Amino acid sequence: MGDDPLYPDDRRRERLIADPRLATPLNRVHRLKIASGFIALVLIAAIWIVWRWSAMH
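Residues numbered from 1 in each chain as written. Predicted model: local features only at pLDDT ≥ 70, side-chain atom pairs only at ≥ 80, totals over all residues. Heavy atoms only, no water.

1. Description of the overall build of the protein chain
To keep it simple, the criterion reads: Helical segments are the DSSP runs of H or I of at least four residues, strand segments are the runs of E of at least two, and each set is numbered from the N terminus. Within these notes, the globule rule equals 2.2 Å times the number of residues to the 0.38 power, and the radius of gyration is based on C-alpha atoms. Buried, partly exposed and exposed residues are distinguished by accessible area as a fraction of the type maximum, computed with a 1.4 Å probe on protein chains only: under 20%, between the cut-offs, and over 50%, respectively. Only the protein chains shown count as cover for residues, and the accessible areas themselves come from Shrake-Rupley with a 1.4 Å probe. For the purpose of counting charges, residues Lys and Arg are taken to be positive, whereas Asp and Glu are taken to be negative. His and the chain ends are not included. By convention, the point assigned to a charge is CZ for Arg, NZ for Lys, CD for Glu and CG for Asp.
Helices and strands together make up the secondary structure of the protein chain, namely two helices and zero strands. A globule of 57 residues ought to have a C-alpha radius of gyration of about 10 Å, yet the protein chain, at 20 Å, is considerably larger. Across its three principal directions, the C-alpha atoms of the protein chain cover 60 × 25 × 10 Å. Within the protein chain, the proportion of its 57 residues that are buried is 0%. Of the roughly 5600 Å² of accessible surface on the protein chain, 69% is carried by carbon and sulfur atoms. For the protein chain, the separation between the mean place of its 9 positive charges and that of its 6 negative charges on side chains is 11 Å.

And the structure:
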């Protein structure tokens, strides 16, 4: 959001959070981040399972 990490503006952040036009896209982005993280974990687990399976045979 372009906030200065050393001098955060809490009033601006509260206004942005309260804006209903911004809440929906932010929720969508948050869900997409969670979904992509879950997919990454599933892919890592699948690679590990295939690696272990191939090592046994």
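2. Thoughts on helix 2 (residues 20–56)
Heads up, the rule is: In a helix, the anticipated span is given by 1.5 Å times the number of residues less one. Under this definition, polar contacts are N or O atom pairs within 3.5 Å; protein pairs additionally need one hydrogen-donor-capable and one acceptor-capable atom, and for neighbouring residues in sequence, both atoms have to be side-chain atoms.
Over its 37 residues, helix 2 extends 55 Å from the first C-alpha to the last, a length consistent with the 54 Å expected when each residue adds 1.5 Å. You can read the cap of helix 2 off the contacts: a side-chain oxygen lies 3.2 Å from the backbone nitrogen of R21, and it is on D19.

3. Overview of the pattern of salt bridges
This is how it is decided: The rule for a salt bridge is simple: a side-chain nitrogen of Lys or Arg has to be within 4 Å of a carboxyl oxygen of Asp or Glu.
Applying the stated rule across the entire model yields one salt bridge. The residue D19 makes a salt bridge to R21 at a minimum N-O spacing of 3.4 Å. Classification of R21 as exposed rests on a relative accessible area of 69%.

4. Re a nonpolar patch on the surface
Going by this rule: Residues form patches when they are more than 30% accessible in relative terms and have no salt bridge. Like charges link within 9 Å. Nonpolar side chains (Val, Leu, Ile, Met, Phe, Trp, Tyr) link within 5 Å.
A cluster of nonpolar residues, F38, I39, V42 and L43, forms a patch on the protein surface that exposes about 410 Å² of accessible area. The topology assignment puts V42 in helix 2. Among the residues examined, V42 registers a relative accessible area of 42% and is labelled partly exposed.

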